[in-house]
Amino acid sequence: MTVEAVVYAAGGVTTYDDIDAAKAAAGTTWVRLFDPTPDELEHVASVYGLHPLTVEDVQKDIRPKVEEFDDHTFVLVKAARLASGDTSFRGELLTNPIGLFLGEDWLVTYATDDCAAVERTWRFVRTEDDRVLQRGPDFTAYRIVDAVVDDYFGALDDVEDRLEYVEDTVLDETEADVLTEINDARRELLALRKLLWPTRDAIGVLSRGDPPQVRAETEKYYRDVYDHLVQQVDLVETYRDLAAGARDIYLNTLSMSTNEVMKKLTVVATIVLPLTLVVGVFGMNFADTPWNMPELAWPYGYPAVMIGMGLVSLILLWYFRRESWL
């Protein structure tokens, strides 16, 4: 549980233990909440006038969005990573909500898990990076959002690697593992699609500069993030088409393999059928009647039947090969 506050300006960075004093200090105030207690969260919400519904939203698994209020703007995005384990699917997409409350000269961030995007930006501020100190809280919020969106490319790269493996093996193998890879990729892409579309819409609001807390000079940075999201959405749709095509190829390959097996079994059955007829006829050993088969008493009957059966088999094999059935 962590509640940290810094106030930064072009002259440097000051750390505060008291968030009330941090808000009143001159400069840009950033209050960072990491898995706070209910009392800590309530106190921060009271000091900065955060709407109760937004405080509730950051603690639930809801869609990314942007909401505007009189004195601040609420931005909800989700950090995402692929994970696997005993309690999760292979490559399951795990998300962590990040809430950003953007005021005129202050920023409050909320996360329930250790978030690399927030940590990197926090480190930039604490090390007095001029790229952050000379700009307002809207630029700091941009750095966090940009880092979150850039991490989505890692998940897309993993899906791309999986699809490349599928494309290399789907024509040669019909094992169940190939279908499992395809289903894993389709599940990841569905989860990414459900994440990227609302995130793109939310960042689109910021890129247009609709909230008054987003300065005109910062809009271009949010537009860059929006462009990344458009690219990612396009990649997801492309990969979904590739995954669907790979699944169709797999099913067609499996069907062709089954047809080949059935063809061979049919050929075997066709060859065996006349042989079965021959041995069935000569198996009727009726004796001491005027209607019995005279060949039964022929001393060369058995070898003649075997030679005849062999000739029938060879003729059928020759015919099947001529018709390209074998």
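Residues numbered from 1 in each chain as written. Predicted model: local features only at pLDDT ≥ 70, side-chain atom pairs only at ≥ 80, totals over all residues. Heavy atoms only, no water.

In the nomenclature of an unreviewed UniProt entry, the protein chain is known as Magnesium transport protein CorA of Halarchaeum nitratireducens. Turning to the protein chain, the UniProt annotation filed under Sequence similarities (unreviewed entry) states: "Belongs to the CorA metal ion transporter (MIT) (TC 1.A.35) family." Per UniProt, the comment on the protein chain under Function (unreviewed entry) is "Mediates influx of magnesium ions." (UniProt positions renumbered as here; feature names shortened; annotations may be inferred.)

All right, on to empty space enclosed by the protein then. The tally for this structure, following the rule as stated, stands at 2 cavities of 30 Å³ or more. Space inside the largest cavity adds up to approximately 60 Å³. In terms of lining, the largest cavity is formed by R32, L33, F34, T109, Y110, A111, D113, D114, C115 and V118. Only β3 (28-34) and β7 (106-111) provide two or more residues apiece to the lining of the largest cavity. Across the lining of the largest cavity, the residue classes tally to 6 nonpolar, 1 polar and 3 charged. Roughly 40 Å³ of internal volume is contained in the second largest cavity. Lining the second largest cavity we find V75, L100, L102, L107, A141, V145, L206 and Y222. At the level of elements, β6 (88-103) and α6 (137-169) are the ones that each hand at least two residues to the lining of the second largest cavity. Taken together, the residues of the lining of the second largest cavity break down into 8 nonpolar, no polar and no charged. (1 Å grid on protein atoms, 1.4 Å probe; cavity = no way out; pocket = protein on both sides within 12 Å on 5 of 7 lines; lining within 4 Å. Points joined across faces, edges and corners; volume = space filled by probe spheres on them. Helix = DSSP H or I, 4+ residues; strand = E, 2+ residues; numbered from the N terminus. Nonpolar A, V, L, I, M, F, W, Y, C, P; charged D, E, K, R; others polar.)

What follows is about the nonpolar core. Membership of the largest hydrophobic core comes to 51 residues, with the highest contact counts inside it found for Y8, W30, I98, L100, V125 and Y152. Secondary-structure elements contributing two or more residues to this core are β1 (2-9), β5 (72-85), β6, α4 (116-126), α5 (130-133), α6, α7 (176-207) and α8 (216-282). The greatest single-element share of this core, amounting to 13 residues, is contributed by α6. With residues up to four places along the chain from it excluded, the contact list for I98 reads V75, L76, V77, A79, Y110, C115, V118 and V148. Core analysis: the next-biggest nonpolar cluster, separate from the first, contains 21 residues, A5, I19, V44 and V58 among them. (Core = buried A, V, L, I, M, F, W, Y, C linked by side-chain atoms within 4.5 Å. Buried < 20%, exposed > 50% of the residue type's maximum accessible area, 1.4 Å probe, protein only. Contact = heavy atoms within 4.5 Å.)

Before going further, it helps to spend a moment on unusual backbone geometry. One non-glycine residue, D35, lies in the positive phi region at around 50°. Mapped onto the fold, D35 is located in the loop between β3 and α2 (38-48). You can call D35 partly exposed: its relative accessible area is 35%.

For β7, the buried fraction is high: 6 of the 6 residues fall into the buried class. Here β7 shows a buried face lined by W106, V108 and Y110 and a second buried face lined by L107, T109 and A111. Two strands pair when backbone bridges link them, and β3 and β7 are joined in this way by 6 bridges, in the parallel orientation. Residue pairing across strands places T29 opposite W106, the latter belonging to β7. (Pairing = 2+ DSSP bridges.)

Attention now moves to the environment of R240. Checked against the element boundaries, R240 lands in helix α8. Linking R240 and V3, residues 237 residues apart in sequence, is a C-alpha distance of 41 Å. Ignoring any residue separated from it by four or fewer positions in sequence, one finds R240 in contact with L189 and R193.

On to α2, then. An α-helical turn contains 3.6 residues, so any two residues separated by three or four positions project in the same direction. Regarding α2, the residues found buried are L41, V44, A45, V47 and Y48. Along the long axis of α2, the arc covered by the buried residues comes to 165°, so they all point the same way. Exposed side chains of α2 directed beyond 90 degrees from the buried face belong to P38, D39, E42 and S46. Summarising the contacts, the buried residues of α2 are in contact with β1, α1 (19-24), β3, α3 (52-57) and β7. Directly beyond the C-terminal end of α2, a positive phi value near 65° is found at G49. (Arc of directions from axis to C-beta.)

A word on the packing of α6 against α7. Relative to each other, α6 and α7 sit at 155°, their axes nearing to 10 Å. One element, α6, and the other, α7, form an angle in the roughly antiparallel class. In this structure, α6 crosses over α7, and the sense of that crossing is left-handed. Along the contact surface, α6 presents V145, Y152, A155, L156, D158, V159, R162, L163, Y165, V166 and T169, while α7 presents V178, E181, I182, D184, A185, E188, L189, L192, L195, L196, T199 and I203. A per-class count over the contact of α6 with α7 returns 16 nonpolar, 2 polar and 5 charged. (Axes fitted to C-alpha atoms, helices over the stretch in contact; angles between N-to-C directions. Parallel < 35°, antiparallel > 145°, perpendicular 65-115°, else oblique. Left-handed = near helix turned anticlockwise from the far one by under 90°.)

Before going further, it helps to spend a moment on the packing of aromatic side chains. Going through the model one piece at a time under the given rule, you end up with 7 aromatic pairs. On the numbers, 5.1 Å between centres and 80° between planes, the contact of F139 with Y221 is edge-to-face. With F139 in helix α6 and Y221 in helix α8, this pair connects stretches of sequence that are 82 residues apart. For F139, a relative accessible area of 4% gives the class buried. The exposure class of Y221 is partly exposed, given its relative accessible area of 22%. Arranged with centres 5.1 Å apart and planes meeting at 45°, the rings of Y142 and Y221 form a pair that is tilted. Of this pair, Y142 sits in helix α6 while Y221 sits in helix α8, placing them 79 residues apart in sequence. The exposure class assigned to Y142 is buried, which follows from its relative accessible area of 9%. Three or more aromatic residues joined by ring pairs make a cluster, and in this case those are F139, Y142, Y221 and Y222. (Phe/Tyr/Trp six-rings, centres within 6.5 Å; stacked < 30°, edge-to-face > 60°.)

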